[in-house]
Amino acid sequence: MNRLNHLDTLKIRPDESVTIEYLGKPFQGAAGDTIATLLYGGGVRIFGRSLKYHRPRGLYSLNGECSNTLMAVDGEPNVRGETTEARNGMVVEPQNVKGDPARDLMGFMDKLSPVLPAGFYYKMFHKPASLWPKAIKGIRKAAGLGKISPHFTMKGSFDEIYLNADVCVIGGGPAGMAAALAASQAGLRVILLESRPWLGGFFDYRPGLYDRGRSLADRVETDPNIRVFTRTSVIGSYTDNLITAFCRGDGSDAFDERYLEIRAKSVVTSTGCIERPLLFAHNERPGVMQISCAHRLIRTWGILPGTSAVFSIGDDLGLEAALDLADLGMEIQCVADVREDGQNEALADRLAEKGIPLFRGWVAAASDGDPKVKRVSLTAINGVRSREFECDLIVAGAGQTPVTGPLTLAGAKQRFDRRTGFFLPVDLPRKMHAAGRMLGYIDPDAIEASGDLAGVKAAADCNGADDSKIREAEERLGDLQGPARGTKFIIGPVKTGKTFICFDEDTTVKNVDQAIAGGFDVPELIKRFTAAGTGPGQGGIPGHNLPLYVGLTGQSPDLDPRPTTVRPPLTPTLIAAYAGSNHDMSKRTPMHEEQVKAGGRMERVGVWHRARRFGDDAAAAAEIENVRNNVGILDASTLGKFRIFGPDVLKALDRVYVGSMSRVKSDRMLYSAMCNEDGCIIDDGVLVKRGENDYYFTTSTGRAGSSAEWIRYHTRYENWDFHIVNLTDAFGVINLAGPNARKTLEKVADADLSNDAFPFMGYREFSIKEIPVRAMRLGFVGELSFELHVASSWMPALWKIIEEAGAEFGIRHFGLEAQNVLRMEKGHLIIGSESEQRTTLHDVGLGFLWHKEKREADTVGAAALRHTENQEGRLKLVGIEAQDPQQTPRDGSIIVDEKIRGYVATARYSRTLEKSVGMALVESELADIGTQLEIFEGEKDDERLAATVVPMPFYDPEGRRLRM
Amino acid sequence: MALTITCPICGARNGYEFRYGGEEKGPKPDEAALRSPEAWCDYIHFNRCKAGAQEEWWFHRDGCGAWFTIHRDTVTNREIPGKEAGI
Ligand SMILES: [Zn+2]
C-alpha cells in the first residue's frame, strides 16, 4: 500500500490494515478507507459499466453523486462504494458486467448508440403493444444495475430512534458548526447531522483551512449541548421541522444502520455545495474526476489520483487543488480555466512560479483513450485554437451546485440567481434557515459568519426574537465578502463523441437536443423523456446542468432556468433501515405461558397472542367434544373491558348503544350492540350495573383499543360528565363452559351458584378461595357457562384452582378453533366474521336490539337503521347446510348463480350434528328457508357445491343447555 | 401527518400521536332534518374539502384521549398558530 502517510489531513489509520475481496482477489487498504478508495489505492480504475451503453466507469466523485461505483457487497446489490466504509472480509463484486469491468463483454452496446436515441425504447416498442413483453426481457438483461436473489435475506441489525431538539443543523461543515455553536451558546439543545464520518466539510481537506476546521470541530464535539451524528444522511424534511435521516454504524455500534426521526423547533440547513460536472466529449471516461475527488483522494486518503494530470476547471478551488497536488508530487501539465478573468491572482502567480501554464478562457473539449484516459484536447472557448496533452488524469469541474434538498422538500422555492448561477432557496418555511456555501459564500470567514447568523436566528425561533443579536450577526456577515460570482455555464466546442449530462442513465447532450427537438422544452419533461436524473444518483450529476443547458443555450423559449423537483429519499436508504428494529408490538395474556405449556398453538389475533388449539388436530375435535360433554376452560382475557361512570353516564351509553341502557338491572346483564352512523354493526357486548351511575361493559377483542375514542367522539359536543377507564389489560377472563361447569365452580366459590340463585344472563360478584371475581352467566358456546372476570394478577392462581377443581369432571383447555365451531353451531355471530363493512344490525338479525323509542338524533346509527330497516337488495345472514356433509365450503367462498349473490362467512363440519353447517350472507331473495344455493370455491373450473338455507341455531334451538 | 398538533391538554405534539376526526360540521342536525335520507347522508358523508383554513377534529390517541378542534391550513398542511383549540 503506497500512501502519503505523513499528511496531517489524513482520515485513514495507515497502521490498521483492512482487507477485502474484489473479483476473487484480496485488496488491502487502511482503516477509514471506503470501498472505492481502498480499491483505487490498490490500482483499480474501472469500477463498473454504465446502464445503457456499458461504457467503463471509474471514480468520479466521492460523495455518491453517480452510480459509477455501485457494487455488490456480500450479496447486497447497489452498495455505494465511494461512501461505504471498507470492513475486513467484505466480498465485493462489480455490477452490470460480465466478468471484469475492464473487459466487459457487453461493451459493444456503446457502438450501437447511434441507433439508440433518446426515447428509443418508448418509440420503438410502442406499437404493436405485444412487442413490449418480449423486448423487455432483452432490455432488462443488457441494462440495469445490481441483481438481487429472491432468496436474499438482509443481514445486519437495524434500529430507529426518535429525537427532539431545539435546533437541528443539517451539515457539519464550517457554517453548520458555527450555527450549532451559536444555538448552543443560547442554551439550546442542538442536533448536528453530518453524512461523512467526521466534521469539517469544506475545510477538512484543504491545507490552509484544515486546522481551522478541526478546532471548530473540537469545540462542537466537546459542547455538552450539541449531539453530533456523523455518518448520517438526511432522507427527508417535512412539515413543522420533521427531519428524517439514517445513520451508518461505525463498526463498533450496535447497529449497522439506524433510522432517525427528529422533531426540531428550528432547522438550519448548511449542506454546502457539490460540484457541477464539466460537459465535454467523453467527460465520464475513467481517469476523469472532479476537483474535490482528486483533492480529497490525496488529502484525506493519501492516494495520488494519477501521475500526470491536466486540469480543466472553472473556479479558484480548481487552482488551489492543482497547486496542492503539484506540491504533493503529481505532475500537472497545465490548467485550463473557463474564466477569461477573475481568478485569484495570488493562486495564478503561484502556478506560474511552479511553471504550470494557466490557460484562461480554455476548456476541455474531449478525452481520449480506451478504456482509460490517455489524452485530452483542450480548446479556447471561442473554438479558434486547440491543443492536445498525453495524461492519465483529467481533473474537471465547471463550478459549484448548492445542495438545497432539505429545504425544497419542506416547501422552499428555488429561484435562479444570475450572479451565483445557483438555484437559491427562497420563501423558506417558517423556522427553517439556510447558511454557508449553498448561498454562494466562498470566503471562509463569511461562511462561518453566515452559519453564526443562522444559529442566532434559530435560537430566536426557540427563545423569542432578540433583534439586537440578529442585527449584530447580520452586521458581522455584512462586513465580509458576499456571495461570489459563479462560474458561467460553458460547453466547449465539441465536434464528435458523447457528452454525458447524466452518467447513471447514459443521457448525452445530444439526447437532450433530441428531446427539445421533439417538443419537450421544460427540464421536468426532458428529464422524463431522456431519463436524465432518474438513476440512483438522482440529480447529483445532471440536477444543475440540465436546467442550465435548457435555459441558457437559447434552445428553449423558457429562458429562466427552472430546476427539476427533488423528492425523498435524498439519499438512497435501505428498506431495512426504514423497518428499523421492527419490534413485534404484541400482547400476551396472563395465561400465555400456561397455555403454551399445555400444548397451545399460539397465533396472532390482532395485537394478541392466542391459543388456536391444543395438540395436533387442526379441527380441535376433542376440545369441542369435551365442552359439549364435560367442561372446558378458555382464556378470554383479550375481551375489551371498560368501566364507565359519572352523572351523565347513561346518556353516553344510550348514545352509542342501539338499546335503551337504563333497562339494565343490577344483577342482570344487558346484551346490546353498537352501530356506526350508517347503521352497520361494529360491536356487541354486555353491560352490567355495579353501582349508582357506575357500569362495567365488554367489547369484542378488536374494539378494545378504539371504544373509548368512539364514545368520546360521539359525545364531543355535549360536555357530559362521565369517565371511561379501559380495564382490558387490568382484568383477565376465564370462560368455563360445559355441563359440568357448575359442579366445578361450586367446589371453590363462596356463593350459591344454583340456576335459581344465579340464572342465565345473571351477574354476580363473589370470591373463589378469597379471589374476588365478577361472574357472568353467558352462553356463547351454547352450553352452561360462567365467564369470570378477575384482576390480571390473580388470573394464574384462579386458573389453577379451577383446573384442580374440574379435574374430576374432565376439565381441559379449549382454544379459538373449538370456540369458533361451538358458537357457530349455536348460531352466535362474531362481528367481523358474520358481518362486514356494509352489514347492518338488521342484516344479521339483531334488529330487535334497537330501541326505536329513543330519539333518533340521540343514537348513533338510528337514522340509518330506520332508512335501511326494509331496504331491498341487502345481504342477509342465514344458516346453511351443505348437501354433502364431507364437503364443507371454505370460509369466504362465494355464493353464485349467474352472478355473485353472497358469500360464506363461517362453515365447519360439525361432529356434534354430523353435518356441514355454517353461516352465510346472501341477497335477501335467497334468504328463505329451503332455498338451494350454489357455492363456488374457485378450486376447479366450474365446480359448485350445493347447500340449502336452513334455520338457525343448528344446535340446541330451544336454548335449554345454556339455561341449565 | 408530519405536522405538529396542539392538544389543549398536552400542548404541541407530533402529529403521529393523533387521529384525524374530520371537518368540524357542528352538532348533528335536529330530528326533523334526519328524516330525509339525503339530509342525513349529507351531514354524515359530505365534506367541504376547503383549500385553506379549516376547523377540524383530532383525537389524542397516543396521549390524553381528548377530542378537540384545531385550525389547519390545508394548503400548507400546517396548524394555524394563535387560533385557540377548542373542545
Ligand atoms: Zn393530549
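Predicted model only: the values in this text are computed from it and were never measured. (Residues numbered from 1 in each chain as written. Chains lettered and ligands numbered in written order. Predicted model: local features only at pLDDT ≥ 70, side-chain atom pairs only at ≥ 80, totals over all residues. Heavy atoms only, no water.)

S.K.: Quick rundown of the pairing of strand S24 (residues 413-416) of chain A? Include the residues and the values.
M.R.: In the case of a regular strand, side chains alternate between the two sheet surfaces. Bridge count between S24(A) and strand S25 (residues 423-426) of chain A: 4 bridges; the pairing is antiparallel. Along S25(A), the bridge assignment pairs Gln414(A) with Pro425(A). (Pairing = 2+ DSSP bridges. Helix = DSSP H or I, 4+ residues; strand = E, 2+ residues; numbered from the N terminus.)

S.K.: Explain the interface of chain B and chain A to me, using residue names and the numbers behind them.
M.R.: With 31 residues of chain B at the interface, the matching set in chain A holds 24 residues. Both sides together, the interface formed by chain B and chain A hides about 2500 Å², and carbon and sulfur atoms give 50% of it. At the junction of chain B and chain A, the tally comes to 3 salt bridges. Among the ionic pairs, Lys28(B) bridges to Glu677(A), the shortest N-O distance being 3.3 Å. If you look at where chain B meets chain A, you find 13 residue pairs in polar contact (both at pLDDT 80 or more). Mapped by element, the contributors of at least two residues to the side of chain B that touches chain A are strand S3 (19-23), helix H1 (31-34), helix H2 (37-45), strand S4 (53-59) and strand S6 (78-79) of chain B. The element that contributes the greatest number of residues to the side of chain B that touches chain A is H2(B), accounting for 4 residues. Considered class by class, the residues forming the side of chain B that touches chain A number 13 nonpolar, 10 polar and 8 charged. (Contact = heavy atoms within 4.5 Å. Buried area = accessible area lost by both parts, 1.4 Å probe. Salt bridge = Lys/Arg side-chain N within 4 Å of Asp/Glu carboxyl O. Polar contact = N/O pair within 3.5 Å; in protein donor to acceptor, adjacent residues only side chain to side chain. Nonpolar A, V, L, I, M, F, W, Y, C, P; charged D, E, K, R; others polar.)

S.K.: Just give me the short version of the packing of aromatic side chains, but keep the residues and values in it.
M.R.: Residues and elements named next belong to chain A. As enumerated under the stated definition, the model contains 21 aromatic pairs over all chains in all. Seen from their ring centres, Phe416 and Phe423 are 5.4 Å apart, and the 55° between their planes marks the pair as tilted. Of the two residues, Phe416 and Phe423, both sit in the buried class. Among the aromatic residues, ring-to-ring pairing joins Tyr162, Tyr259 and Tyr578 into one connected group. The ring of Tyr40 is capped by Arg45, whose NZ or CZ atom sits 3.6 Å from the centre of that ring. Arg206 extends its terminal NZ or CZ atom over the ring of Phe202, reaching a point 4.3 Å from the ring centre. (Phe/Tyr/Trp six-rings, centres within 6.5 Å; stacked < 30°, edge-to-face > 60°. Buried < 20%, exposed > 50% of the residue type's maximum accessible area, 1.4 Å probe, protein only. Lys NZ or Arg CZ within 6 Å of the ring centre and 35° of its normal.)

S.K.: I'd love a proper account of the packing of helix H7 (residues 316-327) of chain A against helix H8 (residues 345-353) of chain A, names of residues and values included.
M.R.: All names here are of chain A. Running from N to C, H7 and H8 point in directions that differ by 30°, and their axes come no closer than 10 Å. What the angle tells us is that H7 and H8 run roughly parallel. For H7 against H8, the interelement crossing comes out left-handed. Of H8, the residues touching H7 (which contributes Asp316, Leu319, Glu320, Ala322, Leu323 and Asp327) are Leu347, Arg350 and Leu351. Per-class residue counts for the contact of H7 with H8 are 5 nonpolar, no polar and 4 charged. (Axes fitted to C-alpha atoms, helices over the stretch in contact; angles between N-to-C directions. Parallel < 35°, antiparallel > 145°, perpendicular 65-115°, else oblique. Left-handed = near helix turned anticlockwise from the far one by under 90°.)

S.K.: How would you summarise the nonpolar core if you had to cite specific residues and measurements?
M.R.: All names here are of chain A. The biggest cluster of nonpolar side chains holds 54 residues, and the ones touching the most others in it are Ile20, Ile35, Leu39, Phe311, Ile332 and Val335. The residues contacting Ile332, other than those within four sequence positions of it, are Ala309, Phe311, Ala322, Leu325, Ala326 and Ile356. Grouped together as the second largest cluster of nonpolar side chains are 36 residues, Leu188, Val220, Ala435 and Ile447 included. (Core = buried A, V, L, I, M, F, W, Y, C linked by side-chain atoms within 4.5 Å.)

S.K.: Summarise the coordination of the zinc ion; cite the residues concerned and give the values.
M.R.: Ideal geometry at a metal centre gives angles of 109.5 degrees when four donors are arranged tetrahedrally and 90 or 180 degrees when six donors are arranged octahedrally. Residue and element names in this part refer to chain B. Within the protein, the atoms that donate to the zinc ion are Cys7 (SG), Cys10 (SG), His60 (ND1) and Cys64 (SG), at distances of 2.0 to 2.3 Å. One can describe the donor arrangement at the zinc ion as tetrahedral, given that its 4 donor atoms subtend angles of 102 to 118° at the metal. Sequence spacing of the donors to the zinc ion: C-x2-C-x49-H-x3-C. Residue Cys7 is located in strand S1 (residues 4-7), and its partner Cys64 is located in the loop between S4 and strand S5 (67-73); the two are separated by 57 residues in the primary sequence. (Donors = N, O, S within 2.8 Å, 3.2 Å for Na, K, Ca; no water. Tetrahedral: all angles 85-135°; square planar, octahedral: opposite > 155°, others 65-115°.)

S.K.: Account for the pairing of strand S9 (residues 190-193) of chain A, naming residues and giving values.
M.R.: Residue and element names in this part refer to chain A. Across the two faces of S9 the burial is the same, with Val190 and Leu192 and Ile191 and Leu193 all buried. Here S9 runs beside strand S10 (residues 226-229); their pairing, made up of 4 bridges, is parallel. Counted as the bridge partner of Ile191 is Arg227 from S10. Traced from S9 through helix H5 (residues 210-222) to S10, the parallel crossover comes out right-handed. (Right-handed = clockwise from strand over helix to strand, strands pointing away.)

S.K.: Requested: an account of a negative patch on the surface, with residues and values cited.
M.R.: A cluster of like negative charges, contributed by Asp466(A), Asp467(A), Glu472(A), Glu474(A), Glu475(A) and Asp479(A), occupies part of the molecular surface. Here Glu474(A) lies in helix H11 (residues 467-478). (Patch = residues over 30% accessible without salt bridge, like charges linked within 9 Å, V, L, I, M, F, W, Y side chains within 5 Å. Areas by Shrake-Rupley, 256 points an atom, 1.4 Å probe, with all protein chains shown as cover. Lys, Arg positive; Asp, Glu negative; His and termini not counted. Charge placed at Lys NZ, Arg CZ, Asp CG, Glu CD.)

S.K.: Describe unusual backbone geometry, listing the residues and the values that go with them.
M.R.: All names here are of chain A. Omega for the peptide link from Pro568 to Pro569 comes to 0°, which places this bond in the cis form. Checked against the element boundaries, Pro569 lands in the loop between helix H14 (545-552) and helix H15 (575-579). The linkage connecting Met952 with the following residue, Pro953, adopts the cis geometry, with an omega of -10°. Examined against the element boundaries, Pro953 turns out to sit in the segment after strand S47 (944-950). One non-glycine residue, His282, lies in the positive phi region at around 60°.

S.K.: If you had to explain the sheet that holds strand S6 (residues 76-80) of chain A to someone new, which residues and values would you point to?
M.R.: Residues and elements named next belong to chain A. Pairing is mixed across the open sheet formed by 5 strands, whose spatial order is S2-S1-S7-S5-S6. Every interior strand has two partners, whereas the edge strands, strand S2 (25-31) and S6, have only one. Averaged over neighbouring strand pairs, the angle between their axes works out to 45° when direction is ignored.

S.K.: Which residues make up the environment of Cys168(A), and what are the values?
M.R.: Residue and element names in this part refer to chain A. Within the secondary structure, Cys168 is located in strand S8 (residues 158-170). Taking relative accessible area as the criterion, Cys168 reaches 0% and is therefore assigned buried. When neighbours within four sequence positions are excluded, Cys168 is seen to be in contact with Ile191, Leu193, Ile243, Ile262, Ala264, Ser266, Val267 and Val268.

S.K.: Can you lay out the confidence of the model for chain B for me, pointing to particular residues and giving the numbers?
M.R.: The share of residues in chain B with pLDDT of 70 or more is 93%, and the mean pLDDT across the chain is 88. On the interface metric, ipTM, the complex scores 0.96, and its pTM is 0.87. (pLDDT = per-residue confidence, 0-100.)

S.K.: Break down H5(A) for me, citing the residues and quoting the values.
M.R.: For an α-helix, the turn length of 3.6 residues means that residues three or four places apart are oriented alike. Residues and elements named next belong to chain A. The end-to-end C-alpha separation of H5 is 18 Å, in line with the 18 Å expected for 13 residues at 1.5 Å each. Those residues of H5 not exposed but buried are Tyr210, Gly213, Leu216, Ala217 and Val220. Down the axis, H5 shows its buried residues gathered within 130° of arc, on one side only. Turned more than 90 degrees away from the buried face of H5, the exposed residues are Asp211 and Thr222. (Expected span 1.5 Å × (residues − 1). Arc of directions from axis to C-beta.)

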